[in-house]
Amino acid sequence: QVQLVESGGGLVQSGGSLRLSCAASGSGHQLYAVGWHRQAPGKQRELVARITTGGRTNYADSVKGRFTISRDNAVNTVYLQMNSLKPEDTAVYYCNAGIKPSGLPYVNEYWGQGTQVTVSS
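As the structure is a prediction and not an experimental result, all values here were calculated from the model.

(A) Inspection of the overall build of the protein chain at higher detail. When helices and strands are tallied, the protein chain shows 0 helices and 11 strands. Start at the N end of the protein chain and walk to the C end: the helices and strands fall as β-β-β-β-β-β-β-β-β-β-β. Taking 14 Å as the expected radius of gyration for a compact globule of 121 residues, we find that the protein chain reaches 14 Å, a close match to that expectation. The dimensions of the protein chain, computed from C-alpha atoms along their principal axes, are 50 × 25 × 25 Å. The buried share of the protein chain, taken over its 121 residues, is 40%. Considering only intrachain contacts with a sequence separation of at least 6, the fraction spanning at least 24 residues in the protein chain is 57%. Carbon together with sulfur atoms contributes 47% to the accessible area of the protein chain, which is approximately 6400 Å² in total.

Following this line, the structure appears as C-alpha cells:
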C-alpha cells in the first residue's frame, strides 16, 4: 500500500510559524522529487517549493527567505518550515511526489489529501 499524507497545518497569527510534513507510508517505498503546492479560495493552485532527490531546492518568490523545504530520506518524509507567516499564505497546502512502490520497477505520481493553513491578521 502506497499513501502520501500531509500534516502540521493549523491556525496561526501573522508572524508565526508552522512546520508541514509530507510522509510516504509503507515499508520500502522510495520518495523522489517532492513539491509543496497551495490553493487559496478563488485562486488556482500554485507551486510553493520543490526539492529534488539530491536535495536541490527552489521556491516561489513570494515565500523565498521565509519558507524552507527539506527532506529526511531515511523516514520518507519531506518538511516545509514556514516562518514569518502572512495572511496571504492562507491556503490548503498539498504535497506532490514521485514514489517508487516497494517491489515494483516504476515511479508513480501521488498527491496528498491537503492540510489547511490559516494565518490571521
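So much for the structure itself; the text now carries on.
(B) Main features of the nonpolar core. With 27 residues, the main nonpolar core has Trp36, Leu80 and Tyr93 as its most contacted residues. Those elements giving two or more residues to this core turn out to be strand E3 (18-25), strand E4 (30-39), strand E5 (46-51), strand E7 (67-72), strand E8 (77-82), strand E9 (91-100) and strand E11 (115-120). Here this core takes 5 residues from E9, the largest share from any one element. Residues contacting Leu80, with those up to four places away along its chain left out, are Leu18, Arg19, Leu20, Trp36, Ala49, Phe67, Thr68, Ile69 and Tyr93.

Conventions used here
- Residues numbered from 1 in each chain as written.
- Predicted model: local features only at pLDDT ≥ 70, side-chain atom pairs only at ≥ 80, totals over all residues.
- Heavy atoms only, no water.
- Helix = DSSP H or I, 4+ residues; strand = E, 2+ residues; numbered from the N terminus.
- Rg over C-alpha atoms; globule rule 2.2 N^0.38 Å.
- Buried < 20%, exposed > 50% of the residue type's maximum accessible area, 1.4 Å probe, protein only.
- Contact = heavy atoms within 4.5 Å.
- Areas by Shrake-Rupley, 256 points an atom, 1.4 Å probe, with all protein chains shown as cover.
- Core = buried A, V, L, I, M, F, W, Y, C linked by side-chain atoms within 4.5 Å.

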